[in-house]
Amino acid sequence: MSRLAFPSRRTWRMRALSLAVMGAAASLGACATPSALAVSPSGVPAFSEDMLSPEFWIRRAPSPDAVLLDASQVAAKRELAFGPNGGLFDLRGIPATLTRAQVAGWIRDAQQTPIKAVIDDQGHPVTEAMLDELRQNAAAEHIPETSTARYGISVRRTPLRSLPSGRLFFASQDLRDYESLQAGILFPGEPVVIAHQSADQQWLFVQTTQGPAWVKRGDIAEGTADAVFSYVAKAPGRVVTGDQVRTVFTPEAPGVSELELDMGVALPRADVSPGEPVNGASSYASWPVQLPVREQDGSLAFRSALLRRTADTAPGYLPLTRANILRQSFKFLGERYGWGHQFNARDCSGLTSEVYRSMGLFLPPNSGMQGKSAALNHRLFTAHDSHAERVRALEQAEVGDLVVVPGHVLMIIGHVNGEPYVIQDVPYAVFKDPATQQVRKTKLNQVSVTPLLPLYADDTTLYVDAMTSLVHVTRP
């Protein structure tokens with residue numbers, strides 16, 4: 001998620017998601033046997049252990065290896081994602097001269113956060129004076145009337161922040177999974193436009209493809225627009241297809257040593273002869289790639305690094321097939337929920353966007369925009385759509401379709417006897433126990449497989465009735 005990606009305070013409350021099952025669970029058939037226990041020992045309803053394998057769902061998928069969109073269609077959708085209402089910002093369209101009003105507006109936008117800062121990481125109350133000190137570090141009064149846009153690239157996985165500070169604030173003692181200033185993440189190799197700096201000169205205020213935010217100065221290398229955008233435009237040499245891989249350790253080049261690379265990160269190939277040493281090690285058993293590094297003066301340079309051949313990567317974006325969608329999404333199964341990519345993890349929209357990025361599709365970083373991006377084929381729902389119409393749409397949903405409700409997104413992985421199931425990054429499963437009709441709350445706080453129907457988005461509204469969009473990502 002990015003700063004512009006955060007939902008409103010109203011939709012944020014929806015992000016503490018609940019799953020509910022009404023009445024006794026219907027039989028789903030002996031092949032899956034989830035109905036043997038209406039609520040499984042894990043506390044998830046209508047569920048069986050074999051559902052935790054992607055192969056279970058691949059066997060049920062129609063034509064799992066059929067290519068749903070070819071490379072040219074995927075590339076066209078990438079372009080649309082950076083166009084009007086696509087959900088991502090084309091940094092090349094930002095004017096070379098920035099105005100004070102423009103930058104000040106970005107800073108105000110960045111400061112909006114759905115999570116109230118009530119306590120710090122020591123449990124001490126957060127005062128308005130403490131927050132004012134951080135706002136003063138933003139140095140908005142020192143923005144010049146006009147300034148020249150500068151350009152940079154992130155050199156490591158680094159958090160985006162609402163204010164120029166690494167201090168941690170939370171809404172309450174028991175809500176430490178959601179940090180107030182966390183505004184998303186930059187992966188290695190992402191471009192930024194540098195618009196301002198903090199008073200302590202430790203933070204840069206940048207515009208990213210996700211929106212504006214503060215980032216640590218030491219994590220950005222500054223270069224010319226041509227150097228930045230030429231690197232970003234290079235064809236992928238290796239694409240990370242695992243949940244996360246690391247470059248090979250090298251004391252000779254600390255800037256590219258054991259660098260964390262998340263799913264979907266695409267790196268250009270380094271121009272290295274077969275077997276030629278790279279940073280003190282032969283390249284014959286690894287893949288040489290090119291990475292941006294930050295020189296001591298902060299300037300941008302590029303350096304070769306190695307990815308082990310055994311690491312989960314591919315020579316280009318994976319084909320967009322149902323089998324790949326399922327295998328990629330299940331690589332995150334059990335990963336802890338990470339609001340705005342906290343905890344070296346990801347949240348609901350991070351899960352869906354990284355799965356598709358490994359196949360070359362770029363999704364907006366937040367659930368709301370994923371539900372209405374002009375780059376995607378979707379069915380929108382309003383209060384005029386009946387419950388029956390919504391149910392029929394879900395019954396016909398395909399593997400990889402996204403179900404969007406306010407503040408949350410879930411991915412369809414298949415059906416069991418007509419009932420849709422999803423993989424989702426979700427804090428809680430809350431449902432009515434079929435035996436007692438009492439509300440039961442299971443803390444999942446991880447990427448999980450769950451049924452979708454009949455589930456609740458809150459205490460009174462079914463997911464199906466809260467659904468605002470069904471996104472057919474894999475359709476032209």
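Values in this document were obtained by computation on a predicted structure and should not be read as measured data.

Cut-offs applied
- All residue numbers refer to positions counted from 1 along the written sequence of the respective chain.
- Owing to the predicted nature of the model, reporting of local features is limited to residues with pLDDT of at least 70; listing and counting of side-chain atom pairs is limited to 80 or more, with chain, interface and lining totals taken over all residues.
- The side-chain figures draw on all heavy atoms in the structure; neither hydrogens nor water molecules are used.
- Two strands make a pair as long as DSSP finds a minimum of two bridges between them.
- Secondary structure elements follow DSSP: runs of H or I no shorter than four residues count as helices, runs of E no shorter than two count as strands, and numbering proceeds from the N terminus.
- We call a set of buried residues a nonpolar core when its members are Ala, Val, Leu, Ile, Met, Phe, Trp, Tyr or Cys and they connect through side-chain atoms within 4.5 Å of each other.
- When a residue's accessible area, from a 1.4 Å probe over protein chains only, is under 20% of the maximum for its type it is buried; when over 50% it is exposed; and in between it is partly exposed.
- In what follows, residue pairs with any heavy atoms lying within 4.5 Å of each other are defined as contacts.
- Basic side-chain nitrogens of Lys or Arg form a salt bridge, by our definition, when they fall within 4 Å of a carboxyl oxygen of Asp or Glu.
- For every element, the axis is a line fit to its C-alpha atoms; helices are fit only across the contacting stretch, and the angle between N-to-C directions ranges from 0 to 180 degrees.
- Orientation categories follow fixed angle ranges, with anything under 35 degrees roughly parallel, anything over 145 roughly antiparallel, 65 to 115 roughly perpendicular, and all other angles oblique.
- Crossing handedness is defined as follows: a turn of the near helix away from the far one that is anticlockwise and smaller than a right angle gives a left-handed crossing, while the clockwise case is right-handed.
- Taken from the helix axis, the directions to the C-beta atoms give the arc we talk about.

(A) Inspection of the sheet that holds strand 18 (residues 313–314) at higher detail. A sheet is described by the order of its strands in space; here 3 strands give the open sequence 15-12-18, paired in antiparallel fashion. Among the strands making up the open sheet, the edge pair consists of strand 15 (266–267) and strand 18. Strand direction decides the pairing type here: strand 12 (residues 238–240) and strand 18, joined by 2 bridges, are antiparallel. Paired with Val 240 across the bridge in strand 18 is Thr 313.

(B) Main features of the nonpolar core. Ranked by size, the top nonpolar core spans 44 residues in total, and within it Trp 57, Leu 320 and Tyr 356 carry the most contacts. Going through the elements one at a time, helix 2 (54–60), helix 7 (322–330), helix 8 (348–357), strand 20 (402–405), strand 21 (408–416), strand 22 (419–432) and strand 23 (439–451) are the ones with two or more residues in this core. Excluding residues that lie within four positions of it along the chain, Tyr 356 makes contacts with Leu 320, Ile 325, Leu 361, Leu 363, Gly 400, Asp 401, Leu 402, Met 411, Val 473 and Thr 474. Judged by nonpolar contacts, the second largest core, of 40 residues, contains Ala 138, Val 240, Leu 259 and Ala 301.

(C) Broad picture of the pattern of salt bridges. Per the counting criterion, the structure on display carries 19 salt bridges. Two residues, Asp 120 and Arg 167, come together in a salt bridge whose shortest N-O distance is 3.7 Å. In this pair, Asp 120 sits in strand 2 (residues 119–120) while Arg 167 sits in the loop between strand 5 (158–161) and strand 6 (169–170), placing the two residues 47 residues apart along the sequence. On the accessibility criterion, Arg 167 (36% relative accessible area) is partly exposed. The shortest N-O distance in the salt bridge between Arg 346 and Glu 335 comes to 2.8 Å. Taken together, the positions of Arg 346 in the loop between helix 7 and helix 8 and Glu 335 in the loop between helix 7 and helix 8 put the pair 11 residues apart, joining distant regions of the chain. Grouping residues by exposure puts Arg 346 and Glu 335 together as buried. What emerges from the salt-bridge pattern is a single network uniting Arg 157, Asp 262, Glu 335, Arg 346 and Glu 354.

(D) Focus on the packing of helix 7 against helix 8. The N-to-C vectors of helix 7 and helix 8 enclose an angle of 130 degrees; their axes lie 9 Å apart at closest approach. Taken together, the axes of helix 7 and helix 8 lie oblique to each other. Considering how the two elements wind past one another, helix 7 and helix 8 form a crossing that is right-handed. Each of Ile 325, Gln 328 and Ser 329 in helix 7 lies in contact with helix 8, whose residues at this interface are Leu 351, Val 355 and Tyr 356.

(E) Layout of the pairing of strand 17 (residues 300–308). Here strand 16 (residues 286–294) pairs with strand 17 via 9 bridges, running antiparallel. Within strand 17, the residue paired with Val 289 across the bridge is Ala 305. What sits between strand 16 and strand 17 in their antiparallel hairpin is a turn of 5 residues, with Gly 298 showing a positive phi close to 90 degrees.

(F) Spatial organisation of helix 10 (residues 387–395). The set of residues buried in helix 10 consists of Arg 390, Val 391, Ala 393 and Leu 394. Along the axis of helix 10, the buried residues cluster in a sector spanning 160 degrees; they form a single face.

(G) Here's a closer look at unusual backbone geometry. A positive phi angle, close to 60 degrees, is found at Asn 85, a residue other than glycine. Mapping Asn 85 onto the fold places it in the loop between helix 3 (71–81) and strand 1 (97–99). Look at Asn 445: it is not a glycine, yet its phi comes out positive at around 55 degrees. Its location among the elements puts Asn 445 in strand 23.

Keep in mind these numbers describe shape, not what the thing actually does.
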